[in-house]
Amino acid sequence: MANTKEIKNRIESVRNTQKITNAMYLIASTKLTKARAELDKTLPYFRLQESEMKRIFQRRNDVNSHYFYPETGRKQAESYAYLVITADKGLAGAYNHNVLKTAEEEIRRHKNITLFVVGEYGRQYFMRRGIPIERSFLYTAQNPTFRRAREISFVLLELYNRRKVDEIRIIFSQMDRGGQAIVRKSQLLPFERGRFGKMEVHAGEIRKEYEFVPNVTTALESIVPSYISGYIYGALVESFCSEQNARMVAMRAANDNADELLGTLSMEYNRVRQAAITQEITEVAAGAKAQRRKHEKIKESNHEKG
């Protein structure tokens, strides 16, 4: 059984660890709020772009672009580019594991894959397993900005425009309404035409005809790169928010476990301390009794001699 000093040292160690987990919880909470606010500021712009793409398809049915699946003669994709978004570090529950598990399932399904990774955790994971990575985007997971999203989209679009890959897909995490992180698999390119084929028409709105210069395809393709950048930026922020939320949950669970452990250790400390006090009292009482008997024997001996 541990003595009181050992238990006190362990209690102090748990309390110090709890201070760290509390600090990590507060930091994650602050980062989550800030990232959400930044995303909310930019969302209206990208939603407007999506509306304009819908408006084009609503008024023109002769759009012919390699960014969209053809209306007829669609072929099965043979080569794929995957953008996998992970965190730079762990301590976030199953956040990284779920994303990487989904990515490995996709890698097993498709043979010809070009892999792009955001996050040091994902890069190390694939390197340890000998899975080749075309490029990893360092420091992006902890600092999701539109500039970084544009850099990623430029690399992916260049690969797609040069016909090096047939499809571009992205795997990332997103929080549902209950605050749980879910893994999303989304196809970036080519687009399904039905995705932009419908648009709400409000009562009294006049249907206008537009002139596209030099042509509708050029106008549409000028919007697509910015739309892709916006989508990737949204995925980066959603993943970052999911990571911080997962870390908050993990740190809250660690704090709860620490409280439970401290309660157990406090009870054990009190029990050991009480046992030590009881033993000391017993030893003192036994010593006093022994001294009393000794004095009685000496007194009896002196009386017999007298």
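Source: prediction; values computed, not measured. (Residues numbered from 1 in each chain as written. Predicted model: local features only at pLDDT ≥ 70, side-chain atom pairs only at ≥ 80, totals over all residues. Heavy atoms only, no water.)

K.L.:
Explain the nonpolar core to me, please; I cannot follow it from the model alone.
P.N.:
Note that soluble globular proteins tend to have their nonpolar side chains buried in a common cluster. Residues Leu83, Leu189 and Ile232 are the most contacted members of the largest nonpolar core, which totals 47 residues. The set of elements that each furnish at least two residues to this core consists of helix H1 (4-59), strand E1 (80-85), strand E2 (113-118), helix H4 (146-161), strand E4 (167-175), strand E5 (181-189) and helix H5 (216-305). At 15 residues, H5 tops the list of elements feeding residues into this core. Residues contacting Leu83, with those up to four places away along its chain left out, are Phe116, Val118, Phe137, Ile152, Leu156, Arg169, Ile170, Ile171 and Ile232. Counting 13 residues, the second largest nonpolar core, distinct from the first, contains Tyr80, Val117, Tyr125 and Ile131. (Core = buried A, V, L, I, M, F, W, Y, C linked by side-chain atoms within 4.5 Å. Buried < 20%, exposed > 50% of the residue type's maximum accessible area, 1.4 Å probe, protein only. Helix = DSSP H or I, 4+ residues; strand = E, 2+ residues; numbered from the N terminus. Contact = heavy atoms within 4.5 Å.)

K.L.:
Quick question: what am I supposed to make of the pattern of salt bridges here?
P.N.:
Pairing between side chains of opposite charge can happen when their charged atoms approach one another. This model, assessed by the stated rule, comprises 7 salt bridges. Among the salt bridges present, the one from Glu106 reaches Arg109, with a minimum N-O distance of 2.9 Å. Here Glu106 pairs with Arg109, and both are found in helix H2 (residues 95-109), just 3 residues apart, close to one helical turn. Its relative accessible area of 54% is what places Arg109 among the exposed residues. Across the salt bridge formed by Glu167 and Arg169, the nearest N and O atoms sit 2.8 Å from each other. As far as burial versus exposure is concerned, Glu167 and Arg169 are alike and both buried. Each of Glu106, Arg109, Glu167, Arg169 and Lys185 takes part in salt bridges that share partners, so that together they form one network. (Salt bridge = Lys/Arg side-chain N within 4 Å of Asp/Glu carboxyl O.)

K.L.:
Teacher, can you tell me more about the pairing of E2 here?
P.N.:
As a general feature of sheets, a regular strand has side chains that alternate between the two faces. Taking burial as the measure, the 6 residues of E2 include 5 buried ones, the bulk of the element. Bridge count for E1 against E2 is 6 bridges, and the pairing is parallel. Counted as the bridge partner of Tyr82 is Leu115 from E2. Once the chain exits E1 it traverses H2 before rejoining the sheet at E2, and the crossover so formed is right-handed. Pairing geometry for E2 and strand E3 (residues 135-137), over 3 bridges, is parallel. Opposite Phe116, over in E3, you have Arg135 as the bridge partner. In terms of handedness, the path from E2 via helix H3 (residues 120-128) over to E3 forms a crossover that is right-handed. (Pairing = 2+ DSSP bridges. Right-handed = clockwise from strand over helix to strand, strands pointing away.)

K.L.:
Help me understand empty space enclosed by the protein in this model?
P.N.:
Vacant regions in the atomic arrangement are exposed by a probe of water-molecule size rolled over the atoms. Applying the stated criterion across every chain yields a total of 1 cavity of 30 Å³ or more. When its volume is computed, the largest cavity comes out at roughly 30 Å³. Forming the boundary of the largest cavity are Ile85, Thr86, Tyr95, Thr140, Ala141, Leu236, Ser239, Phe240 and Glu243. At 4 residues, H5 tops the list of elements feeding residues into the lining of the largest cavity. Of the residues in the lining of the largest cavity, the class split is 5 nonpolar, 3 polar and 1 charged. (1 Å grid on protein atoms, 1.4 Å probe; cavity = no way out; pocket = protein on both sides within 12 Å on 5 of 7 lines; lining within 4 Å. Points joined across faces, edges and corners; volume = space filled by probe spheres on them. Nonpolar A, V, L, I, M, F, W, Y, C, P; charged D, E, K, R; others polar.)

K.L.:
Sorry if this is basic, but what is going on with the side chain of Ser186 here?
P.N.:
With respect to the helices and strands, Ser186 occurs in strand E5. Here Ser186 falls in the buried class, since its relative accessible area comes to 11%. A distance of 2.6 Å separates polar atoms of two side chains, one belonging to Ser186 and the other to Tyr231. Setting aside anything within four residues of it in sequence, one finds Ser186 in contact with Arg169, Ile170, Phe172 and Tyr231. (Polar contact = N/O pair within 3.5 Å; in protein donor to acceptor, adjacent residues only side chain to side chain.)

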